[in-house]
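Each chain is listed here by its residues.
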Amino acid sequence: MTAIYPVSRHFPAAKQLQTLVLSIQKSNFSQQNVVPTENLCGELLDKNPAIKLMRVYAACGEFVTTRHIFDKSPEKDVVFFNVMVISYVNNHLYGNGLHVFKSMRICWLVCRFMLRLLRVGFGLNMFVGNGLISMYGKCGCLVEAGRVLDEMPYRNVVSWNSFVSAYAQNGQFDDALEVCREMELVGPKPNARTMASLLPAMTNTSLDNVSLVKEMFMKLADKSLLSWNVMIAFYVNNALPAEAVAIFSQMEAHGVEPDAISIASVLPACGDLSALLLGRRIHEYVIRKRLQPNLSLDNALIDMYAKCGCLECTREVFDQMKFRDVVSWTSMISAYGMNGKGRDAVSLFSRMQDLGLNPNSITFVSVL
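Residues numbered from 1 in each chain as written. Predicted model: local features only at pLDDT ≥ 70, side-chain atom pairs only at ≥ 80, totals over all residues. Heavy atoms only, no water.

1. Looking at the overall build of the protein chain
In terms of regular secondary structure, the protein chain is built from 21 helices and zero strands. By residue count, 46% of the 368 residues in the protein chain fall in the buried class. Total accessible area on the protein chain is roughly 19,200 Å²; 56% of this is exposed by carbon and sulfur atoms. (Helix = DSSP H or I, 4+ residues; strand = E, 2+ residues; numbered from the N terminus. Buried < 20%, exposed > 50% of the residue type's maximum accessible area, 1.4 Å probe, protein only. Areas by Shrake-Rupley, 256 points an atom, 1.4 Å probe, with all protein chains shown as cover.)

What follows is the structure, encoded as structure tokens:
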């Protein structure tokens, strides 16, 4: 089988450098205004622009920007991991450095295991190939993942979905969609699992990408509950609540019964639209189908009622919860704050601390 090399898998050094610099500038990560100069950029083009940029920012104590470059780099070798570990250690973030080191060691061990399978005669069959693509994706080694896919003599939809997931897990949504386009041309057609593989990166994307995902969904011959759930979550994650509610209504019209994931996904859209009547109808469905207790679902109900200004309903859901986490408490505190009940918010905050729960940054903002 002829190997296929999509443009998105092989970036020239100059293009990669430009992408990284623009990404850093847009992210506004640098607290010390450490910006690569023209001379510096020229030097970086010598070998690997990403690793040299990492070293520059690591030397300036900019570990957040260093991590941003690390996450955005499609090809990582041991040098990448070493620079990231050293950056964390030099900034006294020993736990973060240890986590990166452990992830590097796990990738190395899995790779050794896969190579051993190849040596004993398994060959690059679909089982081994799919496992390698998945492993490389989790380690952020996207070039290696693409190389494995290209070298596989036979591929199935799992092979392609693993590659889509590899890009999505590393926040490279455009490249993940490019693989989906390639599937349309030379591979098995995208399915519901393909769409689910995109979910980790389905946030704040362009209108063109929104249209492409919608088109992918419309082309599905069999629209399963999973595919509907992905579309609801996709619209919510991209601040399109009206579209999320519309697709939820279409799902019901097609006779597909929502599950807890469907409900937890669409409730934020109801809150954003202040669609209290729809939110109450969904809550009645939850009770009728006995979908509770469900922590994610209960937290979504609290958030929805709070955004709709129904404080009584918010507190009722909160009081009936069998299990509460910091999100539950924070949502309830925020509900009091949004409705001008500052004293109740402070009182609930104190109760939360008395129970031994550690507030997060959002909790503190809510109580303020």
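Next comes the rest of the write-up.
2. Notes on helix 16 (residues 276-288)
Because each turn of an α-helix spans 3.6 residues, side chains separated by three or four positions in sequence point in the same direction. The end-to-end C-alpha separation of helix 16 is 18 Å, in line with the 18 Å expected for 13 residues at 1.5 Å each. Every buried residue of helix 16 is listed here: Leu278, Gly279, Ile282, His283, Tyr285 and Val286. Buried residues of helix 16 fall within an arc of 155° about the axis and therefore sit on the same side. Exposed side chains of helix 16 directed beyond 90 degrees from the buried face belong to Leu277, Glu284, Ile287 and Arg288. Against helix 14 (241-253), helix 15 (260-272), helix 17 (295-307) and helix 18 (311-320) lie the buried residues of helix 16. Immediately downstream of helix 16, the backbone of Arg290 shows phi near 55°, a positive value. (Expected span 1.5 Å × (residues − 1). Arc of directions from axis to C-beta. Contact = heavy atoms within 4.5 Å.)

3. Side note on the side chain of Thr205
Among the structural elements, Thr205 can be located in the loop between helix 11 (192-198) and helix 12 (207-219). Within the structure, the side chain of Thr205 is placed 2.7 Å from the side chain of Asn209, a separation counted as a polar contact. (Polar contact = N/O pair within 3.5 Å; in protein donor to acceptor, adjacent residues only side chain to side chain.)

4. Examining helix 7 (residues 126-139)
The end-to-end C-alpha separation of helix 7 is 20 Å, in line with the 20 Å expected for 14 residues at 1.5 Å each. Those residues of helix 7 that sit buried are Val128, Gly129, Asn130, Leu132, Ile133, Met135, Tyr136, Gly137 and Cys139.

5. So, the packing of helix 16 against helix 17
Relative orientation of the contacting elements helix 16 and helix 17 amounts to 155°, with a least axis distance of 11 Å. Accordingly, the angle class assigned to the pair helix 16 and helix 17 is roughly antiparallel. When the axes of helix 16 and helix 17 are compared, the crossing they make is left-handed. Contacts between helix 16 and helix 17 involve Leu276, Gly279, Arg280, His283 and Val286 on the former and, on the latter, Leu297, Leu301, Met304 and Tyr305. (Axes fitted to C-alpha atoms, helices over the stretch in contact; angles between N-to-C directions. Parallel < 35°, antiparallel > 145°, perpendicular 65-115°, else oblique. Left-handed = near helix turned anticlockwise from the far one by under 90°.)

6. Some points on the packing of aromatic side chains
Within the structure shown, the criterion is met by six aromatic pairs. An angle of 45° between the planes, with centres 5.9 Å apart, marks the rings of Phe234 and Tyr235 as tilted. The two residues Phe234 and Tyr235 agree in class, both being buried. Centroid distance Phe318 to Trp329: 5.1 Å. Interplanar angle 85°. Geometry classified as edge-to-face. On the criterion of sequence distance, the pair formed by Phe318 in helix 18 and Trp329 in helix 19 (residues 326-338) is long-range, its members being 11 residues apart. (Phe/Tyr/Trp six-rings, centres within 6.5 Å; stacked < 30°, edge-to-face > 60°.)

7. Section: the environment of Val326
In this fold, Val326 is placed in helix 19. Here Val326 falls in the partly exposed class, since its relative accessible area comes to 22%. Not counting residues within four places of it along the chain, the set of residues in contact with Val326 comprises Met352, Asn358, Pro359, Asn360 and Thr363.

8. Structural notes on the side chain of Ser159
With respect to the secondary-structure elements, Ser159 resides in helix 9 (residues 157-169). Every residue in contact with Ser159, bar those within four places of it in the chain, is listed here: Asn130, Ile133, Leu149 and Met152.

9. So, the pattern of salt bridges
For the structure shown, the criterion picks out eight salt bridges. Residue Glu252 pairs with Arg281 through a salt bridge whose shortest N-O separation is 3.3 Å. On the criterion of sequence distance, the pair formed by Glu252 in helix 14 and Arg281 in helix 16 is long-range, its members being 29 residues apart. Judged by relative accessible area, which is 39%, Arg281 ranks as partly exposed. Across the salt bridge formed by Lys307 and Asp272, the nearest N and O atoms sit 3.1 Å from each other. Of this pair, Lys307 sits in helix 17 while Asp272 sits in helix 15, placing them 35 residues apart in sequence. Via salt bridges that share partners, Asp272, Asp303 and Lys307 belong to a single interconnected network. (Salt bridge = Lys/Arg side-chain N within 4 Å of Asp/Glu carboxyl O.)

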